[in-house]
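What follows is the residue order along each chain.
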Amino acid sequence: MILSIVIPCLNEEETIGAVIDSCSKEFEIVVADNGSTDTSVQIASNSIAVVVVESRRGYGSAIMAGAVVATGDYLFIIDADQSYSTLDADRFLQYAILNNLDLVVGCRFDRCGGEIMPCAMPWLHRYIGNPILSFIGRKLFGIGIGDFHCGMRLVNRKMLLNLGISATGMEFASEMIILSHLSGMKIGEIGIKLYKSGRIKSLPHLRPFRDGFRHLFMMLKLYYASKQ
């Protein structure tokens, strides 16, 4: 099994079934549930997906739990709300293999070939939060990545498990890229489309100000640690 699709999930009963169904059956599908109180686990369990339940809350906790049980050489990480296309899995895998990359990060912005569909990203995230934090990450660490917080990415599984990631929340996305860079992993970026979330009743999990400060704190912490 060369690729496992890892889907972190928290109360995504509206969309998790459709996301699983859209995944290529050539790949292993792992749903990492993070304590859902709706029917997400039941829906995933009734599909072909492998389901792991992670009691520690947080986006990073869920992904790492999925990484542990996955069997693929590479992990293709994707959100459970239909904001990304699972059809990109093979494109990411081929790009990584052809360019000998250990980590491929999706980019949602047009400057790197991405596209944000109407109503897919709030104005605050699109023009302030994400660009500023990504700029800080590039300047502090010299990493040529335009979108530090994209939820679609492919990574070498063994390398990910050996990075020593400590983040449990959304800041996991930044720590993953920074530690990959500091460890010498080969990193690339590929443009993707971001679609409007399929959620109707449930609210987004991202808390802009809280999570933004956690990303910033993580970057500064890793920067000063790298200078010691």
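What this report covers is the structure whose coordinates are included nearby. These numbers come from a predicted model, not from an experiment.

Reading the values: rules and limits
- Residues numbered from 1 in each chain as written.
- Predicted model: local features only at pLDDT ≥ 70, side-chain atom pairs only at ≥ 80, totals over all residues.
- Heavy atoms only, no water.
- Helix = DSSP H or I, 4+ residues; strand = E, 2+ residues; numbered from the N terminus.
- Buried < 20%, exposed > 50% of the residue type's maximum accessible area, 1.4 Å probe, protein only.
- Contact = heavy atoms within 4.5 Å.
- Lys, Arg positive; Asp, Glu negative; His and termini not counted.
- Charge placed at Lys NZ, Arg CZ, Asp CG, Glu CD.
- Phe/Tyr/Trp six-rings, centres within 6.5 Å; stacked < 30°, edge-to-face > 60°.
- Lys NZ or Arg CZ within 6 Å of the ring centre and 35° of its normal.
- Polar contact = N/O pair within 3.5 Å; in protein donor to acceptor, adjacent residues only side chain to side chain.
- Pairing = 2+ DSSP bridges.
- Axes fitted to C-alpha atoms, helices over the stretch in contact; angles between N-to-C directions.
- Disulfide = S-S within 2.5 Å.
- Arc of directions from axis to C-beta.

1. As for the overall build of the chain
Thought 1: The number of helices and strands found in the chain is 8 helices and 9 strands.
Thought 2: Relative to its 228 residues, the chain shows a buried fraction of 53%.
Thought 3: Considering only contacts in the chain between residues 6 or more positions apart, those separated by 24 or more positions represent 75%.
Thought 4: When the 22 positive and 22 negative side-chain charges of the chain are each reduced to one mean point, those points stand 7 Å apart.

2. Some thoughts on the packing of aromatic side chains
Thought 1: This model, assessed by the stated rule, comprises 5 aromatic pairs.
Thought 2: Taken together, a centroid distance of 6.2 Å and an interplanar angle of 80° make the contact between Y59 and F172 edge-to-face. Of this pair, Y59 sits in helix α3 (residues 59–69) while F172 sits in helix α7 (residues 172–182); the two residues are 113 residues apart in sequence, bridging distant segments of the chain.
Thought 3: Classification of Y59 as buried rests on a relative accessible area of 16%.
Thought 4: Centre to centre, the rings of F141 and Y223 are 6.1 Å apart; their planes meet at 80°, and the pair counts as edge-to-face. Taken as a pair, F141 in helix α5 (residues 123–141) and Y223 in helix α8 (residues 208–226) lie far apart in primary sequence, 82 residues in all.
Thought 5: Across the ring face of F109, the terminal group of R111 is positioned such that the distance to the ring centre comes to 4.7 Å.

3. A closer look at the side chain of S180
Thought 1: Mapped onto the fold, S180 is located in helix α7.
Thought 2: A polar atom in the side chain of S180 sits 2.6 Å from the backbone oxygen of M176.
Thought 3: Ignoring anything within four residues of it in the chain, the contact list for S180 reads L103, L163, M185 and I187.

4. Quick notes on the sheet that holds strand β3 (residues 50–53)
Thought 1: Spatial strand order, β3-β2-β1-β4-β7-β5-β8: 7 strands in an open sheet with mixed pairing. With partners counted over all chains shown, the strands left at the sheet margins are β3 and β8 (187–191), one partner each. On average, each strand axis in the sheet is tilted by 25° relative to the strand beside it, whichever way the strands run.
Thought 2: As judged from the 3 bridges shared by strand β5 (residues 103–107) and strand β7 (residues 153–156), these two strands associate in the antiparallel manner. If you follow V104 over to β7, its bridge partner there is L154.

5. Observations concerning the state of the cysteines
Thought 1: In the structure shown here, the tally under the stated rule is 1 disulfide.
Thought 2: Cysteine C9 remains unbridged, with the sulfur of C23 as its closest cysteine sulfur at 12 Å.
Thought 3: For C9, a relative accessible area of 2% corresponds to the buried category.

6. Considerations on helix α4 (residues 88–98)
Thought 1: Among the residues making up α4, those that are buried are D88, A89, F92, L93 and A96. Down the axis of α4, the buried side of the element spans an arc of 140°, and every buried residue falls inside it.
Thought 2: Residues of α4 that are buried in the fold lie against β1 (3–9), β4 (74–77), β5, β7 and β8.
Thought 3: Two residues or fewer after α4 comes N100, characterised by a positive phi angle close to 55°.

7. Quick notes on the side chain of D147
Thought 1: Mapped onto the secondary structure, D147 falls in the loop between α5 and β7.
Thought 2: For D147, the side chain forms a polar contact with the side chain of R108, separated by 2.7 Å.
Thought 3: Residues in contact with D147, not counting those within four places in the same chain, are V105, G106, C107, R108, F109, N130, S134 and E189.

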